[in-house]
Amino acid sequence: MFMPSSLALRRCALLLAVLFCVGCSAQHSPGASEGPGKPVSKDLEQRIQLHIRAYFSIPAQVQIQVGARRASEFAGYDLVPVTLIGQRKTNYEFLVSQDEKTLIRFAKIDIAQNPYDLRGRPVRGNPDAKVTVVVYDDFQCPFCAQMHHTLFPGLLKLYGDRVSFIYKDYPLYEIHPWANHAAVDAGCLAAQNPEAFWDFADYVHFNQAEFKGPNRKVEAQFGALDQAALDQGRKHKLDLDKLQFCIQKQDDSAVKASVKEAEGLGVNSTPNLFINGAKVDYAASEEELRGFFDRALRDAGEPVPAAAAVPQPAPAPTAAAPPK
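Residues numbered from 1 in each chain as written. Predicted model: local features only at pLDDT ≥ 70, side-chain atom pairs only at ≥ 80, totals over all residues. Heavy atoms only, no water.

### Concerning the sheet that holds strand E12 (residues 278–280)
Here is step 1: Here we have five strands laid out as an open sheet, ordered E7-E9-E8-E11-E12, and mixed in their pairing. On the outer flanks of this sheet lie strand E7 (123–125) and E12, each paired with one strand and no other. On average, each strand axis in the sheet is tilted by 25 degrees relative to the strand beside it, whichever way the strands run.
Here is step 2: Pairing between strand E11 (residues 272–275) and E12: three bridges, direction antiparallel. Across the sheet, Phe274 pairs through a bridge with Lys279, a residue of E12.
Here is step 3: Helix-sheet contacts for helix H5 (residues 194–206) involve E7, strand E8 (131–137) and strand E9 (163–169), and the interaxial angle to E9 is about 70 degrees. (Pairing = 2+ DSSP bridges. Helix = DSSP H or I, 4+ residues; strand = E, 2+ residues; numbered from the N terminus. Axes fitted to C-alpha atoms, helices over the stretch in contact; angles between N-to-C directions. Contact = heavy atoms within 4.5 Å.)

So, in structure tokens, the structure goes:
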């Protein structure tokens, strides 16, 4: 059956959120049933589940939980949270009419605020560039390491004067035991020197196996991360006492704030890139990223850097003509 393209995209977007994508993923958000409100009737719950499953083509193996209804800012409608539980847990909000006959998919966006809190975050590339790439990253995620290899140094060298790169934290606590610790250590370095942050980020992404080690306990992994951070502190001549205090304190409030921000943007896996707001939620290839960057530059009215010419192979030698 033919479906209008905009409707198909809306249905597809919700469906894809509960399916596996290329990248690291884990559950973060609390269930939709949490929080104050009035429980929906069994009849309404079943009707909501039926229509969401049918309208968005939700697979049978994905569970749909309907939370308590509560007052909304829209007259005649209550807010109802819905959680889809598949390979990961994803929360959505719907509006249900008070006569219980209409259901509306709801997403409120505060356009008065920048969707990304980039205050104090180290920048690679041109800080004044018209194209900004925000990367939600997990230091222990192998797909993030793959993305890091793709971005640096190659794409940074090619686009460095036209694009700014900024990393934000999204550690997957459930499956990556030292990712949060690494994010805190990186933040301690960033507080004193942006280059120390980037050198640490390079080292950890390029040497993930070193921190895991054969049968190495989590405490030893933490110690190896701390040592790597202190090594960067010495290299960049930071205040080592201040750095060591920050590392030992392990205050992850900024990391948690980044995670909360990311979830508000629909992030539930890593790596996740936002290229001037356009989301790329998988480990894209260099060719794909160049296409995304070029499009963003054109949209911003900026020139696209000329790609380096691909060297042509030397012509094969030809046999000398026989003498006449």
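And the narrative resumes.
### Quick notes on the nonpolar core
One broad rule of soluble globular proteins: the nonpolar side chains tend to lie buried together.
Here is step 1: Val133, Phe139, Leu151, Phe200, Leu289 and Phe293 are the most contacted members of the largest nonpolar core, which has 44 residues in total.
Here is step 2: The dominant element in this core, judged by the number of residues it contributes, is helix H4 (residues 179–190), at seven residues.
Here is step 3: Those residues within four positions of Leu289 in sequence are excluded, and the remaining contacts are Met147, Thr150, Leu151, Leu155, Leu273 and Ala284.
Here is step 4: Counting 15 residues, the second largest nonpolar core, distinct from the first, contains Val40, Phe56, Val66 and Phe94. (Core = buried A, V, L, I, M, F, W, Y, C linked by side-chain atoms within 4.5 Å. Buried < 20%, exposed > 50% of the residue type's maximum accessible area, 1.4 Å probe, protein only.)

### Concerning the state of the cysteines
Cysteine pairs can be linked by a disulfide, which is a covalent bond between their two sulfur atoms.
Here is step 1: Enumeration according to the criterion identifies one disulfide in this entry.
Here is step 2: The disulfide that involves Cys188 links it to Cys246, with 2.1 Å between the sulfurs. Across the S-S bond linking Cys188 and Cys246, the dihedral sits near -80 degrees, which makes this disulfide left-handed. One end of the pair, Cys188, is in helix H4; the other, Cys246, is in helix H8 (residues 240–249), with 58 residues separating them in the sequence. (Disulfide = S-S within 2.5 Å.)

### Section: the packing of aromatic side chains
The geometry of an aromatic ring pair is captured by two quantities: the separation of the ring centres and the angle between the planes.
Here is step 1: Applying the stated criterion to the full structure yields 14 aromatic pairs.
Here is step 2: Here Tyr116 and Phe274 contribute two aromatic rings whose centre-to-centre distance is 5.5 Å and whose plane-to-plane angle is 55 degrees, an arrangement assigned as tilted. In this pair, Tyr116 sits in the loop between strand E6 (103–106) and E7 while Phe274 sits in strand E11, placing the two residues 158 residues apart along the sequence. Across this residue pair, the class does not change: Tyr116 and Phe274 are buried.
Here is step 3: Both rings, one in Phe152 and one in Tyr167, keep their centres 6.1 Å apart while their planes meet at 45 degrees; by these two values the pair is tilted. Taken as a pair, Phe152 in helix H3 (residues 142–159) and Tyr167 in strand E9 lie far apart in primary sequence, 15 residues in all. Accessibility classification places Phe152 together with Tyr167 in one group, the buried group.
Here is step 4: Put simply, the rings of Phe152, Tyr159, Phe165, Tyr167, Phe197, Trp198 and Phe293 pair up and form one aromatic cluster.
Here is step 5: One Lys or Arg, Arg105, reaches over the ring of Phe94 and ends 5.9 Å from the middle of that ring. (Phe/Tyr/Trp six-rings, centres within 6.5 Å; stacked < 30°, edge-to-face > 60°. Lys NZ or Arg CZ within 6 Å of the ring centre and 35° of its normal.)

### Considerations on helix H2 (residues 42–55)
One full turn of an α-helix is made of 3.6 residues, so residues set three or four places apart face in the same direction.
Here is step 1: Here H2 contains 14 residues, and its C-alpha end-to-end distance of 20 Å stays within 8% of the 20 Å for a straight helix at 1.5 Å per residue.
Here is step 2: For H2, every residue scored as buried is listed here: Leu44, Glu45, Ile48 and Ile52. Buried residues along H2 cover an arc of 100 degrees about the axis, so they all sit on one side. Seen from the open side of H2, the exposed residues pointing more than 90 degrees away from its buried face are Lys42, Leu50 and Ala54. (Expected span 1.5 Å × (residues − 1). Arc of directions from axis to C-beta.)

### Some details on the pattern of salt bridges
Here is step 1: On inspection of all chains with the given rule, the structure shows 14 salt bridges.
Here is step 2: For Glu100, the salt bridge identified is with Arg47, shortest N-O distance 3.5 Å. Of this pair, Glu100 sits in the loop between strand E5 (89–97) and E6 while Arg47 sits in helix H2; the two residues are 53 residues apart in sequence, bridging distant segments of the chain.
Here is step 3: Overall, the relative accessible area of 24% leaves Glu100 in the partly exposed class.
Here is step 4: Arg47 gets classed as partly exposed once you look at its relative accessible area, which sits at 30%.
Here is step 5: The partner of Arg69 in a salt bridge is Asp78, with the nearest N and O atoms 2.8 Å apart.
Here is step 6: Ionic contacts of the salt-bridge type, sharing partners, join the residues Asp43, Arg47, Arg69, Asp78 and Glu100 into one network. (Salt bridge = Lys/Arg side-chain N within 4 Å of Asp/Glu carboxyl O.)

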